[in-house]
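Structural overview
Here are the chains, one letter per residue:
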Amino acid sequence: MSLGFRVSGRIGKPVAEVFDAVVNPTKLSGYFTTIGGASAPLVAGAGVVWWGKVPVEVDQVEKDSRIVLRWDATDADGKPAYKTRIEMNFEPLDDGGTFVTIAETGWHEDAVGLKKSYLNCEGWSQMLACMKAYVEYGINLRDGYYRSEMKGEPASEDNI
């Protein structure tokens, strides 16, 4: 068995606009990968870098519907040990908004996996809140939010 979680929320914009806010590196860098940015658009089969240092493998992109990514899960020493899987789903709502669900799975069922999955659950929850503010109102909530952001550094386990 492996650990995983799911977070979700409503963004009050059409699905195409919300989806683009994730796949478009300029937009993603406006509310999530704010320090170091996103190196390229999310395209199936591509490898991109977030925050100037985190490699992300793009497995699937279904326009306006679904994105599947993989990235490194680290061991107790901070070294890459295995990959976790992130799936983002975008559901158009009758009111013109979009319901976004982000699930990350594949964490090893041990103390390190549990701790790191909780940290990422916090991160994806914050990503959704920041995406809502950015897409709906043009506000970057992440600016100065984490201790790391106040120092001009990407967030990490040791500086959030």
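On a predicted model such as this, the values are computed, not experimentally measured, just so you know. Along every chain, residues carry numbers that run from 1 in the direction the sequence is written. Whole-chain, interface and lining totals are the exception, using all residues; otherwise, since this is a predicted model, local features are given only for residues with pLDDT of at least 70 and side-chain atom pairs are given and counted only at 80 or more. Side-chain measures were taken over the full set of non-hydrogen atoms in the model, leaving aside hydrogen atoms and water.

**Regarding the overall build of the protein**
Inclusion rule: In this text, helices come from DSSP runs of H or I with a minimum length of four residues, and strands from runs of E with a minimum of two, each type numbered from the N-terminal end. Using C-alpha atoms as the atom set, the radius of gyration is obtained and then compared with a globule rule of 2.2 Å times the number of residues to the power 0.38. Under the scheme applied here, a residue whose accessible area is under 20% of the maximum for its type counts as buried, over 50% as exposed, and between as partly exposed, the area being computed with a 1.4 Å probe on protein chains only. Where accessible areas are quoted, they stem from the Shrake-Rupley method and a 1.4 Å probe; at the residue level, only the protein chains shown are allowed to cover.
Helix and strand content of the protein: 4 helices and 6 strands. Here the protein has a C-alpha radius of gyration of 15 Å; the compact-globule value for 160 residues is 15 Å, and the two agree. Seen through its principal axes, the protein has C-alpha atoms that stretch 45 × 35 × 25 Å. Out of the 160 residues in the protein, the part that is buried amounts to 40%. Carbon together with sulfur atoms contributes 52% to the accessible area of the protein, which is approximately 8000 Å² in total.

**Side note on the UniProt feature "domain: Activator of Hsp90 ATPase homologue 1/2-like C-terminal" (unreviewed entry) in the protein**
Spelled out, the test is: UniProt positions are given in the numbering used here, feature names are shortened, and annotations may be inferred rather than shown by experiment.
Per the UniProt annotation, the sites labelled "domain: Activator of Hsp90 ATPase homologue 1/2-like C-terminal" (unreviewed entry) are residues 14-136. Across residues 14-136, helical content stands at 32% and strand content at 37%; the span's end C-alpha atoms are separated by 10 Å.

**Some remarks on unusual backbone geometry**
Located in the positive-phi region is Trp51, a residue other than glycine, with phi close to 60°. Residue placement: Trp51 occurs in the loop between strand E2 (47-50) and strand E3 (54-62). We classify Trp51 as buried; its relative accessible area is 11%. For Asp64, which is not glycine, the phi torsion reads 60° and is therefore positive. Note that Asp64 resides in the loop between E3 and strand E4 (66-74).

**Some words on the nonpolar core**
For the record, the criterion: Put simply, a nonpolar core is a bunch of buried Ala, Val, Leu, Ile, Met, Phe, Trp, Tyr and Cys residues held in one set by side-chain atoms that sit within 4.5 Å of each other. Only heavy atoms enter the contact rule, under which two residues are in contact if any of them lie within 4.5 Å.
Within the largest apolar cluster, 37 residues are counted, with the highest numbers of intra-cluster contacts made by Trp50, Met88, Trp124, Met127 and Met131. At the level of secondary structure, the elements contributing two or more residues to this core comprise strand E1 (2-11), helix H1 (15-23), E2, E3, E4, strand E5 (80-92), strand E6 (98-108) and helix H3 (111-137). The contacts of Trp124, once residues within four sequence positions are left out, are Phe5, Val7, Phe32, Trp50, Trp71, Ile86, Met88, Ile102 and Glu104.

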